[in-house]
Amino acid sequence: MARTQSQALDVARPIVLTAFRVAVGLLFACHGAASMFGVFGGAKGGGTVPVGQWPGWWAALIQLVGGILVVVGLGTRIAALICSGSMAYAYFTVHQEHALLPLQNNGEPSAMFCWAFLAIAAIGGGPYALDRLLPGQSAARSAHADHAGQNSRATAAG
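Report follows, based on the coordinates.

Each value, and the rule that gives it
- Residues numbered from 1 in each chain as written.
- Predicted model: local features only at pLDDT ≥ 70, side-chain atom pairs only at ≥ 80, totals over all residues.
- Heavy atoms only, no water.
- Helix = DSSP H or I, 4+ residues; strand = E, 2+ residues; numbered from the N terminus.
- Contact = heavy atoms within 4.5 Å.
- Areas by Shrake-Rupley, 256 points an atom, 1.4 Å probe, with all protein chains shown as cover.
- Buried < 20%, exposed > 50% of the residue type's maximum accessible area, 1.4 Å probe, protein only.
- Phe/Tyr/Trp six-rings, centres within 6.5 Å; stacked < 30°, edge-to-face > 60°.
- Expected span 1.5 Å × (residues − 1).
- Arc of directions from axis to C-beta.
- Salt bridge = Lys/Arg side-chain N within 4 Å of Asp/Glu carboxyl O.

## Examining the overall build of the chain
Alright, step 1. A tally of regular secondary structure across the chain gives 6 helices and 0 strands.
Alright, step 2. From first element to last, N terminus to C terminus, the chain shows the α and β order α-α-α-α-α-α.
Alright, step 3. Excluding contacts between residues fewer than 6 apart, the proportion of contacts in the chain whose partners are at least 24 apart in sequence is 62%.
Alright, step 4. Of the roughly 10,000 Å² of accessible surface on the chain, a fraction of 69% belongs to carbon and sulfur atoms.

Here is the structure:
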């Protein structure tokens, strides 16, 4: 029975990973849109961030563009890595000075986005990403599928 549950989870994995990528990217893009265009309540409760202002406007640009790229799965690994780095920067320059832990310094969203995007950068866009349509991606997918197949056969045998 455990084998059947494992197989069901293996079937669901690409769908769950895609849903995770889309949800995280969409939430991030909404933060950028709020800061740049004043939608969804605006930046910090209202208004917009002045164009070119460091670091707010640039962070909003990364949030909007990076979030959209992650949602559609285009340049996913690079976009997610940049998004992760921007959230690490935000955490250490904005939140860390107020207290040690994210719970104490209101840095939980920055920390969560940082780690979520780092996971997406490591995992990639998955089978339902536009990255799959790029030239050269089929060879990389085949090599990964062969490696994954060897690992699952070795696990089943062991």
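## Some thoughts on the environment of Ile123
Alright, step 1. As for its position among the elements, Ile123 is in helix 5 (residues 108–123).
Alright, step 2. As for Ile123 and Arg77, which are separated by 46 residues in sequence, their C-alpha atoms are 7.9 Å apart.

## Re unusual backbone geometry
Alright, step 1. In the segment running from Trp54 into Pro55, the intervening peptide bond is cis, with an omega of -5 degrees.
Alright, step 2. Position of Pro55 among the secondary structure elements: in the loop between helix 1 (2–37) and helix 2 (56–72).
Alright, step 3. The backbone phi angle of Phe40 is positive, close to 55 degrees, even though this residue is not glycine.
Alright, step 4. Mapped onto the fold, Phe40 is located in the loop between helix 1 and helix 2.
Alright, step 5. Owing to a relative accessible area of 63%, Phe40 belongs among the exposed residues under this scheme.
Alright, step 6. For Asn106, which is not a glycine, the phi torsion comes out positive at approximately 60 degrees.

## Some remarks on the environment of Phe40
Alright, step 1. With 10 residues separating them in the primary sequence, Phe40 and Cys30 have C-alpha atoms 7.6 Å apart.
Alright, step 2. Setting aside chain neighbours within four positions, we find Phe40 in contact with Cys30, Ala33 and Ala34.

## A word on the packing of aromatic side chains
Alright, step 1. Tallying each qualifying case throughout the model produces 6 aromatic pairs.
Alright, step 2. Where Tyr91 meets Phe92, the ring centres are 5.2 Å apart and the plane angle is 85 degrees; that geometry is what we call edge-to-face.
Alright, step 3. For Tyr91, a relative accessible area of 8% gives the class buried.
Alright, step 4. A residue is classified by how much of its surface remains accessible, and Phe92, at 57% relative accessible area, is exposed.
Alright, step 5. Here a set of aromatic residues connected by ring pairs shows up, and it is made of Phe28, Phe113 and Phe117.

## Notes on helix 3 (residues 76–95)
Alright, step 1. Between its first and last C-alpha atoms helix 3 spans 27 Å; for 20 residues at 1.5 Å apiece the expected length is 28 Å, and the two agree.
Alright, step 2. Residues of helix 3 that are buried: Thr76, Ala79, Ala80, Cys83, Ser84, Ser86, Met87, Ala90, Tyr91 and His95. End-on view of helix 3: buried residues confined to an arc of 160 degrees, all on one side of the axis. Across helix 3 from its buried face, at more than 90 degrees, point the exposed residues Ile78, Leu81 and Phe92.

## What about the pattern of salt bridges?
Alright, step 1. Under the counting rule described, the total for this entry stands at 1 salt bridge.
Alright, step 2. For Arg13, the salt bridge identified is with Asp10, shortest N-O distance 3.1 Å. Taken together, the positions of Arg13 and Asp10, both in helix 1 and 3 residues apart, correspond to about one turn of that helix.

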